[in-house]
Structures are given as C-alpha cells and as structure tokens.
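Descriptive structure summary
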Amino acid sequence: MQACATAITVAFAGLEARRVEVQVQLAGGVHGIVIVGLGDKAVSEARERVRAAFASIGLSIPPGRLIVNLAPADLPKEGTHYDLPIALAMMAAIGALPHDALDGVLCFGEVGLDGSLAPAPGALPAAMAAQGMGLGLICPESCGAEAAWAGGEVVAAPSLLALVNHFRGGAVLKPPERGDLISGEAIPDLRDVKGQEQAKRALEIAAAGAHNILFVGPPGAGKSMLAQRLPGLMPPLASEELLEVSMLHSVAGLLERGRLTRARPFRAPHHSASMAALVGGGLRAKPGEISLAHHGVLFLDELPEFSPQALDALRQPLESGTVLIARANHHVTYPARILLAAAMNPCRCGGGPGAGMCRRGPRCAIDYQARLSGPLLDRIDIQLDVPPVTAADLALPPPAEGTAEAAARVARARDAQAARGAGLNAILDLDALERVATPDAPGAALLAKAAESLALSARAFHRTLKVARSIADLDGAEAVKRIHVAEALSLKRQWATPDQLGFAKVS
C-alpha cells in the first residue's frame, strides 16, 4: 500500500515567492530516498540531512522507496529551506505526524544533522507569501522574530522533535514575538566636516531630490566624509519602503534576529567588486549591492578603479530603478531605486591639474577620467569639484548647522514633492517635468544658452531641470527661477579635455 503526504513551501524568483508542493510517496521497491523536481545541489543534499536528522531523533524510515517530488517540476528550486517541508512531508507519509498536521501551513527552514532547525534566507518573503495564501507558517525558532512581522499564525520550533510534540499536543509552542524596530546606528554628523560649503550644499540638494552625485577632488578633501553623511539627510524609510528593503535583506540573509530598521541603507562596496556583486547574479541570482541599497545610498569610492564592465552595468538600473537578471530558463527582477554617490581623484596621482600633486602631467588626468564612460556620467546629476581643505578651514570652530538642520530642510522639500504627487524629482517623467519644473523666461533662456555652449545631451538637459526643481523646493519656491537654473548648472563639472589642459589638437 502506498502512503502519500504533501507539504507547502515556496520557491523564490527575486522577491516573488511562488507556491511549491512537496509531494512524498512511500512505495515499494529498493530502499532509498529520491528527490525530483529540478532542485539544485542544496536541495538534492537535503536527502542526507533529513536521513541523519531522523536517525538523531530515533525515527526509522520504513522499508521501501520514498519519492519526493517538488511541484511544479519545471520551476527551478534553490536553497536549503526545502529541508523542513521535505522532512515534515516524509514524517507525515510514514505516520510519524498526524496526516492533517500539514494542512493550512507553509513550511520553511533548514534541518541540521541532529534534528535541529537552522535559519535560511528569505523568511520574511516566505511569511508574506504564506499570509497572502491564507496559510500559517512553520519555521525555525531563529526565523520566528523575522516571520512574525508578516502577521498571521507562525509556529517557530527549535527542532523536529519539538514540532512532533507540538502537533501531538505534548508541548505546544508559543507564537514568536516580532523583532525590534530600530532607528538605525548613529550616523556621522555633517557638523564634523569643516569647510567644503559648496559640497555640503550639493549634498543637501542631492538628498532633497534623490539625485546622483559625484565628488572629484584630491585625497583628504573630505569626499568620503561627505558621502557617509548623506543617509542622515534623508528621511526615515516609510512603511512600504521598509517592507521592500527588509524583504531584500531577508533574501540576502542580512536580517539579524528579525531586527528591522527605518534607517536608509548605505552600501559601500570595494572597488574590486565584480559586475555580479554590484548588480546581482551568481549561481542563485542573489541581489547585488545596487539592490541592497534600494531606497538608500550606494557609495562607490575610487570610482574609476571599478571595472568598466561593472560600472556600465549600472547604467540601465539607474534609469529604470530595477535590475533584470536573465538566465537561460528564468528571469529574476530585483528593485534598485538608489541614490548613487561616488568619489574619485582628478588623476591617478591624486592631484590633477592645478593641484600641484600630479607627477605625470596633464595627460594623467585625461587618461584617468577616460575610464568613466560618457553615458554613465550623463546619468549623474551633480558633478562637483571638491578642493583641498586648508589649514585655515581646519582651525575654524564646528559649523553652526549640522545634519539635523539640513535634514529638516530636506524633509520640507520632499514633503513639497509628495504634495505634487509626481514622485521624487530625480525620477520625474517628461510630462511631470514639464508640469512642475518649467522655468520662468529668464531661466529658460539661461538653460537654452548653457545647453548649446556646454553641448548638453537631452538627458543632461532634463536632469539639470530636475536639479533646479529640487533647489527651488529647498528654497520653498513654487516656480523654478533663473537663480535655481544657474545653481543647477554650476553643479555640472567640466571634464578635462586636451584643449583645456594645453594640448594641441591632433589632426
């Protein structure tokens, strides 16, 4: 006689959790466990983990062939969270659990060799999926605080044996409590930065409209200090943003003890990071740094030292706010709406023209800056030269205004953008841009003249308008005026050319 049982779990495709049925059948034949259904190596190894766990808790597998099918069979299955549904479905099939114990629940978690339950990435999206399907959730105890944020019925167990006792009524497990909601770690204050008033103003404008920003200056000018203070100028995550960011971090395995934070993400990968590390990918198509910085700041220090392929892979996500990772048999999409902050030296020697530090001459700056493609620079709204900090600047007392004062102005500017209902200025579409950011006649004339003399592309033209709109919002102005356009144009750095550096044109 054949015995069958089914457990419900999920397969992840980006942040989407798709329903998967773990079907187990005990049939006659050669003794063994067979797992089918397009699982990866981790799924196939679940056979040995579950077998050892059963032996550790004193549970014997009856003679016969246990067939485990992960349906739908054409959907790729990846990860160790299939261990628990496989183990529970097998226990139900052999009679170790009541046959209806798995009705109305979704199972998620990794099983240890001693029968303990270990955490697996993605507990929060799995809990959200269970809530959407009208199911409860069975998960490891270490995932309970994270899963509890989704609401609904959650059973968080330390081991398989604890689950058996729970289902048999011997020791019913208590529902887990939610993890802490924290405001985030202390963010460095803008008051620590002495001098660099124009750079501070540019930082405030970038935070107000979520504009990408690039600082160019010699070592020690304070570029990294400025970028590290950018998240403190931005308002805390709204509830919807908090959920998206937390689900991304859950899939990446970065949520600790179910603690969520309203602080904006700040990711600062090393310049040796690969393209897959930046935009996502790898064997399991995990989210990259650009997705982990969703609704926050991605800081790329020493920008030209990143590989050109990795930097150019950022171009499309900076426009669309999403990353599409294509595979032969499936596609994965992750959100990536970020504020890109970058810093670089003018040349490889560190100083560049006029700084008195370059040892190789003007050509050094040209070659170094040529490592950045024009299309990438075209997507960076604010590009600013950061001069060296003088001894006189360092001797000054701390500035009167710090992060709190600047953040209050940014919050008012963002409130004005929210009231218009068109979204943040950096992501305005053309219709909204014409409606809310058309400058007055003097401003339009200045922008037209600058577009011709600076050879601005259509994208740069529109991005300049968006920056001008953010400047107007910071000033509390209803209309974009000439002074706002002029300041936006002043934040467009003129890149070194052979002519500007004294090189004759090569015919």
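Each value, and the rule that gives it
Residues numbered from 1 in each chain as written. Predicted model: local features only at pLDDT ≥ 70, side-chain atom pairs only at ≥ 80, totals over all residues. Heavy atoms only, no water. Salt bridge = Lys/Arg side-chain N within 4 Å of Asp/Glu carboxyl O. Helix = DSSP H or I, 4+ residues; strand = E, 2+ residues; numbered from the N terminus. Buried < 20%, exposed > 50% of the residue type's maximum accessible area, 1.4 Å probe, protein only. 1 Å grid on protein atoms, 1.4 Å probe; cavity = no way out; pocket = protein on both sides within 12 Å on 5 of 7 lines; lining within 4 Å. Points joined across faces, edges and corners; volume = space filled by probe spheres on them. Nonpolar A, V, L, I, M, F, W, Y, C, P; charged D, E, K, R; others polar. Polar contact = N/O pair within 3.5 Å; in protein donor to acceptor, adjacent residues only side chain to side chain. Contact = heavy atoms within 4.5 Å. Axes fitted to C-alpha atoms, helices over the stretch in contact; angles between N-to-C directions. Left-handed = near helix turned anticlockwise from the far one by under 90°. pLDDT = per-residue confidence, 0-100. Parallel < 35°, antiparallel > 145°, perpendicular 65-115°, else oblique.

Points about the pattern of salt bridges
Should the charged atoms of two oppositely charged side chains come close, the side chains can pair. All told, the structure shown has 27 salt bridges when counted by the stated rule. Across the pair Arg363 and Asp367 runs a salt bridge whose closest N-O atoms are separated by 3.4 Å. Of the two residues, Arg363 and Asp367 are both situated in helix 15 (residues 362-369); the distance of 4 residues between them amounts to about one turn of the helix. Look at Arg363 and you get partly exposed, because its relative accessible area is 40%. Its relative accessible area of 38% is what places Asp367 among the partly exposed residues. Residues joined in a network through salt bridges with shared partners are Glu319, Asp378, Arg379, Asp381, Arg459 and Arg463.

Quick look at the layout of surface pockets
Space inside the second largest pocket adds up to approximately 610 Å³. Lining the second largest pocket are 29 residues, with Ala210, Arg337, Leu424, Ala426 and Ile427 positioned closest to its centre. Listing elements by their share of the lining of the second largest pocket, those giving two or more residues are helix 14 (315-320) and helix 21 (458-475). Broken down by element, the residue count for the lining of the second largest pocket peaks at 4 residues, all from helix 21. A per-class count over the lining of the second largest pocket returns 14 nonpolar, 5 polar and 10 charged.

A short note on empty space enclosed by the protein
Evaluated as defined, the whole model comprises 1 cavity of 30 Å³ or more. In this structure, the largest cavity spans a volume of roughly 320 Å³. What lines the largest cavity is a set of 24 residues, among which Phe12, Ala13, Gly14, Glu78 and Arg284 lie closest to the centre. Among the secondary structure elements, those contributing two or more residues to the lining of the largest cavity are strand 1 (3-13) and strand 16 (331-335). Its residues placed into classes, the lining of the largest cavity shows 12 nonpolar, 7 polar and 5 charged.

Some words on the side chain of Gln417
Following the sequence through the fold, Gln417 ends up in helix 18 (residues 403-420). The buried category is assigned to Gln417, whose relative accessible area is 1%. Side-chain polar atoms of Gln417 contact the backbone oxygen of Ala208, separated by 2.8 Å. With sequence-adjacent residues up to four places away left out, Gln417 is seen in contact with Ala208, Gly209, Ala422, Gly423, Leu424, Asn425 and Asp473.

Quick look at helix 4 (residues 123-133)
Among the residues of helix 4, those classed as buried are Ala123, Leu124, Pro125, Ala126, Ala127, Ala129 and Ala130. On its buried side, helix 4 packs onto strand 1, strand 2 (16-27), strand 5 (105-107), strand 8 (136-140), helix 5 (144-147) and helix 10 (239-251).

Observations regarding the packing of helix 7 (residues 197-209) against helix 18
Packed helices, taken two at a time, are described by the angle between their axes plus the distance between the axes. Where helix 7 meets helix 18, the closest approach of the two axes is 8 Å, and the angle between their N-to-C directions is 35°. Taken as a pair, helix 7 and helix 18 cross one another with a handedness that is right-handed. Residues Glu204, Ala207, Ala208 and Gly209 of helix 7 touch helix 18, and the partners they reach there are Ala406, Arg409, Val410, Ala413, Arg414 and Gln417. Tallied by class, the residues present in the contact of helix 7 with helix 18 amount to 5 nonpolar, 2 polar and 3 charged.

So, the confidence of the model for the chain
Considering every residue of the chain, the mean pLDDT works out to 91; 96% of them sit at 70 or more. Scored below 50 in pLDDT, residues 498-507 makes 11 contacts in the model with residues more than four places away or belonging to other chains.

Regarding the packing of helix 4 against helix 10
The geometry of helix 4 relative to helix 10 is characterised by a closest axis approach of 7 Å and an angle of 120° between their N-to-C directions. It follows that helix 4 is oblique to helix 10 by the angle criterion. Of helix 10, the residues touching helix 4 (which contributes Ala123, Leu124, Pro125 and Met128) are Leu243, Ser246, Met247, Ser250 and Val251. Broken down by class, the residue content of the contact of helix 4 with helix 10 amounts to 7 nonpolar, 2 polar and no charged.

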